[in-house]
Amino acid sequence: MVGVLSNRVDREDVKPGDHIYSWRTAYIYAHHGIYVGDGMVIHFTRAAGHEIGTGTFLDWFLFSSSPATTEGPPCQKCGHLIKRQGVIMSCLDCFLDGGSLYLFDYAVSPAFFLAKARGGTCTLAASDPSDAVIHRARYLLNNGFGMYCLFKNNCEDFAIYCKTGLLVETAFSVGRSGQLASLTAAFSAVASSPLRFLTTSASGLAIVTSGMYCVGRYVSDIGVRRDVVKVPVERLVEHWEQNVVASPQGQATETNVAAGAPPILHRPEEIEDAHPSCQAN
């Protein structure tokens, strides 16, 4: 477990199967991926030249160059591997893009989770064994992770799924991303809390708002949510192929394509990951 104040680690401390990230654009957001060993990272991007995005004017503020379109000659280590969008593999240097290296923490205590005021750095959910994590990441590298959606299917969602195999069942909620959960909790604490009317002092308002923010973050975490289900990666890709590529009428399923989110799957009575190591979780 890394420290409360910072998740920053040295390169020699990172192991295959670790969920890593690097802050971008003055710490506005972080880009996440799965380290698979030999200095390589598998991660999820929106499009060529954009690691994240909304498809709107907000992309001017969220823009970040991906290794696919960096000016100059291609990277000698990973230039031949880079795809224009989707799940890609790049070397650690290209993934960090000059930033520092941070380790996403799993199976933290509630106290530790709430002490990390910034979302997208840890979760209460437990990680599966590293070989299962790498299996999912490599399988999605070859088969895709659906359409990118900043609010439901982003780079952090990808990394968390690879680590846990968990997907959100409900359609009307944010995905697994702690960064988006924190943002939602902050807006809810400021704009929606009826408790803010119970105090008139600045200190009282700060305490109430902070409390609501912490509660919002906690209940949104993938480790405590009740609307999640464990889905084998093979079944996930098969579901996309059946429901996104073609509907029963032979047409693209517009709802799934527009949402860009993982499919909503009914909770099975018993789900075990196809990879043998996942049965240990």
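First, a word on what this report is: a plain description of the structure on this page. (Residues numbered from 1 in each chain as written. Predicted model: local features only at pLDDT ≥ 70, side-chain atom pairs only at ≥ 80, totals over all residues. Heavy atoms only, no water.)

Glancing now at the nonpolar core. If you look at the biggest cluster of nonpolar residues, it comprises 29 residues, and the most contacted ones within it are I34, I42, V87, L140, F145, F158 and L236. Of all the secondary structure elements, the ones that give two or more residues to this core are β2 (29-37), β3 (40-45), β4 (86-91), α4 (130-143), α5 (155-164) and α8 (233-245). Counting residues per element, this core draws most heavily on α4, at 5 residues. Those residues in contact with I34, other than ones at most four positions away along the chain, are G17, D18, H19, M40, V41, I42, V133, A137, F158, A159, C162 and K163. (Core = buried A, V, L, I, M, F, W, Y, C linked by side-chain atoms within 4.5 Å. Buried < 20%, exposed > 50% of the residue type's maximum accessible area, 1.4 Å probe, protein only. Helix = DSSP H or I, 4+ residues; strand = E, 2+ residues; numbered from the N terminus. Contact = heavy atoms within 4.5 Å.)

Turning our attention to the packing of aromatic side chains. Inspection of every chain in the model, using the stated rule, returns 10 aromatic pairs. For the ring pair Y21 and F104, a centre distance of 6.4 Å and an interplane angle of 80° mean the geometry is edge-to-face. Pair noted here: Y21 is in strand β1 (residues 19-24) and F104 is in the loop between β5 (102-103) and α3 (110-115), with a separation of 83 residues, a long-range link. Pair check on accessibility: Y21 and F104 agree, each one buried. Aromatic pair F44 and Y148: ring centres 5.4 Å apart, planes at 45°, arrangement tilted. Here F44, found in strand β3, pairs with Y148, found in the loop between α4 and α5; they are 104 residues apart in sequence, far enough to count as distant. (Phe/Tyr/Trp six-rings, centres within 6.5 Å; stacked < 30°, edge-to-face > 60°.)

Of note in the backbone geometry, D97 takes a positive phi value of approximately 50° without being a glycine. In this fold, D97 is placed in the loop between α2 (92-96) and β5.

Attention now goes to the sheet that holds β4. Pairing in this open sheet of 5 strands is antiparallel, and the strands run β4-β3-β2-β1-β5 from one edge to the other. Two strands lie at the open edges of the sheet, namely β4 and β5, each paired on one side alone. Here β3 pairs with β4 via 6 bridges, running antiparallel. Among the inter-strand pairings, T45 is bridged to a residue of β4, identified as G86. (Pairing = 2+ DSSP bridges.)

Our focus in this paragraph is the environment of Q76. Note on placement: Q76 falls in the loop between α1 (59-62) and β4. Overall, the relative accessible area of 82% leaves Q76 in the exposed class.

At a minimum axis distance of 7 Å, the contact between α4 and α5 shows a crossing angle of 135°. The angle between the axes of α4 and α5 places the two elements in the oblique class. The two elements α4 and α5 meet at a crossing, and its hand is right-handed. Of the residues in α5, those in contact with V133, R136, A137 and L140 of α4 are F158, Y161, C162, K163 and T164. Of the residues in the contact of α4 with α5, the class split is 6 nonpolar, 1 polar and 2 charged. (Axes fitted to C-alpha atoms, helices over the stretch in contact; angles between N-to-C directions. Parallel < 35°, antiparallel > 145°, perpendicular 65-115°, else oblique. Left-handed = near helix turned anticlockwise from the far one by under 90°. Nonpolar A, V, L, I, M, F, W, Y, C, P; charged D, E, K, R; others polar.)

Burial analysis of β1 places 6 of its 6 residues in the buried class, the great majority of the element. Residues H19, Y21 and W23 of β1 are buried on one face, and the alternating residues I20, S22 and R24, pointing to the opposite face, are buried as well. Taken together, the 2 bridges between β1 and β5 define a ladder with antiparallel strand orientation. Residue pairing for β5: Y21 is matched across the bridge by Y102.

Let us now look at α5. Counting buried residues in α5 gives 10 out of 10 residues, a clear majority hidden from the surface. Every buried residue of α5 is accounted for by C155, E156, D157, F158, A159, I160, Y161, C162, K163 and T164. One side-chain oxygen of the residue at the start of α5 lies 3.0 Å from the amide nitrogen of E156, identifying that residue as N154. Just downstream of α5, G165 is the residue with a positive phi angle, here 75°. (Polar contact = N/O pair within 3.5 Å; in protein donor to acceptor, adjacent residues only side chain to side chain.)

Note that all results are geometric; they support no functional claim without further evidence.
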